[in-house]
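Coordinates in review
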Amino acid sequence: MSSPLATQLLEFVRSTFARRSKGQPIEATTPLFSSGLVDSMGMVEFLSFIEQECGVSWDPTVEELTQLDTIERLADALSRKRA
Amino acid sequence: MTWHPYELTVGLPHTNYRGLSEPRLLMEACHVFWQALGHEAGKPVSGMRNAEGLPVYATIFYIDAALPPAKSFDAFHLDDALKFFVGLRAVRNLSVEGRVIWDLASELPDAATDALWSAEEPAHPQIRFGSMLATRDAANNLKLTPPANARLDAIPPLPLAENPSQITRAAQETGKLGVVPDSWPAVGSPSETLHTIDSDRDTNAAGLVYFANYVAFMELAERTAWSAVAGERIGQRRVSRRRVAYFGNAASDDHLRITATVHAGGQQTSIVGIRSRISRAADDKLIALSEALIER
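Below or above, wherever it landed, is the structure these notes cover. (Residues numbered from 1 in each chain as written. Chains lettered and ligands numbered in written order. Predicted model: local features only at pLDDT ≥ 70, side-chain atom pairs only at ≥ 80, totals over all residues. Heavy atoms only, no water.)

**Topic: helix 1 (residues 4–17) of chain A**
With 14 residues, helix 1 of chain A extends 20 Å between its outermost C-alpha atoms, agreeing within 8% with the 20 Å of an ideal straight helix rising 1.5 Å per residue. Of all the positions in helix 1 of chain A, only Leu 5, Ala 6, Leu 9, Leu 10, Phe 12, Val 13, Thr 16 and Phe 17 of chain A are classed as buried. For helix 1 of chain A, the angular spread of buried residues about the axis comes to 160 degrees, placing them on one side. Exposed residues lying more than 90 degrees from the buried face of helix 1 of chain A are Pro 4, Glu 11 and Ser 15 of chain A. Packed against the buried residues of helix 1 of chain A are helix 2 (40–52) and helix 4 (71–82) of chain A together with helix 2 (165–174) of chain B. (Helix = DSSP H or I, 4+ residues; strand = E, 2+ residues; numbered from the N terminus. Expected span 1.5 Å × (residues − 1). Buried < 20%, exposed > 50% of the residue type's maximum accessible area, 1.4 Å probe, protein only. Arc of directions from axis to C-beta. Contact = heavy atoms within 4.5 Å.)

Encoded structure:
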């Protein structure tokens, strides 16, 4: 079962990047950055969303974000940060 | 928001036969934007380096220029004393929005407040820039990267809902920027002009085609499109609004294809909308989109 945070992130990604997915489903395990679904501008918006809507202050490097790459792993990293 | 003041006396390099040159004014406006960014970050943008020691550039992905009636570029002349106020908002160390208010110095107050900026009906010309901090990778692509030797913490945060990146993304997906009304029909056929990039003239210190030069390329396409529709060479004209979204850049040895379409202004026969698209000849990739409202 996905966490509320993962659900929140997934909804954001689906609503913001739907057109870029070209009809492919976006799931919690979908690669976001390595696939090009979320580009550089999108990465900035993603971090804004995490801070402003999820209330998590997080300062990852671009490389860290790319390594985590999926909603599942990102939500897990953020949950540990919140704890 | 802190508003940084700058001054400029209009000289011949800033002008063309119509008055103030639009691309050159955009260059000056972006120059003071980057100066303000350097001031807030405690380091000039030219000196910013990422963790690998690579140069960090503030690359423009969006501009929105609004000019009130009687204050278009042709209202400004040689030796006019201009003043600029620059306000910044940022997303962490990665992206910066610049708000530039400009006018004759005599028309502006000594200091600016947030109330001087108006999204709907500005009293003074104003320009909004969207930029990302990036470096060039081995393949000459721009890659998002924060500076390791500068912090933007002092800059107020840019709310997600107001980030112009969303307008740029929507423009890339829809081919529209929301300036030319959908109800305005296209007139005539699109005109196409080709521009061979001149690396000595068209590039900046980062080795990329300078963002303001895209507007210069578009001006030729706009004149050509208008001439085809109106059967006359367009001379004096007033830009009241221009919005540009940038999706990529071109190699300095590439060619650009600029396509411009005129849209009739309905009842307002003196105003037309022009949508311009710039694509790279190398791979036909769309790299910039502009919509402008122009009064004859």
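**Observations concerning the pattern of salt bridges**
The tally for this structure, following the rule as stated, stands at 28 salt bridges over all chains. Note that Arg 14 of chain A and Glu 27 of chain A form a salt bridge whose closest N and O atoms lie 2.9 Å from each other. Note that Arg 14 of chain A is positioned in helix 1 and Glu 27 of chain A in the loop between helix 1 and helix 2, a separation of 13 residues in sequence. Through salt bridges with shared partners, a single network forms among Glu 51 and Asp 59 of chain A together with Arg 92, Arg 151 and Asp 153 of chain B. (Salt bridge = Lys/Arg side-chain N within 4 Å of Asp/Glu carboxyl O.)

**Regarding the pairing of strand 4 (residues 57–66) of chain B**
Residue and element names in this part refer to chain B. When you tally the buried positions in strand 4, you get 9 out of 10 residues, the bulk of the element. Where strand 4 meets strand 7 (residues 126–136), 9 bridges bridge the pair, whose relative direction is antiparallel. The residue of strand 7 that forms the bridge with Ile 60 is Ser 131. Taken together, the 5 bridges between strand 4 and strand 10 (residues 238–246) define a ladder with antiparallel strand orientation. Each residue of the ladder has a partner; that of Ile 63, found in strand 10, is Val 244. (Pairing = 2+ DSSP bridges.)

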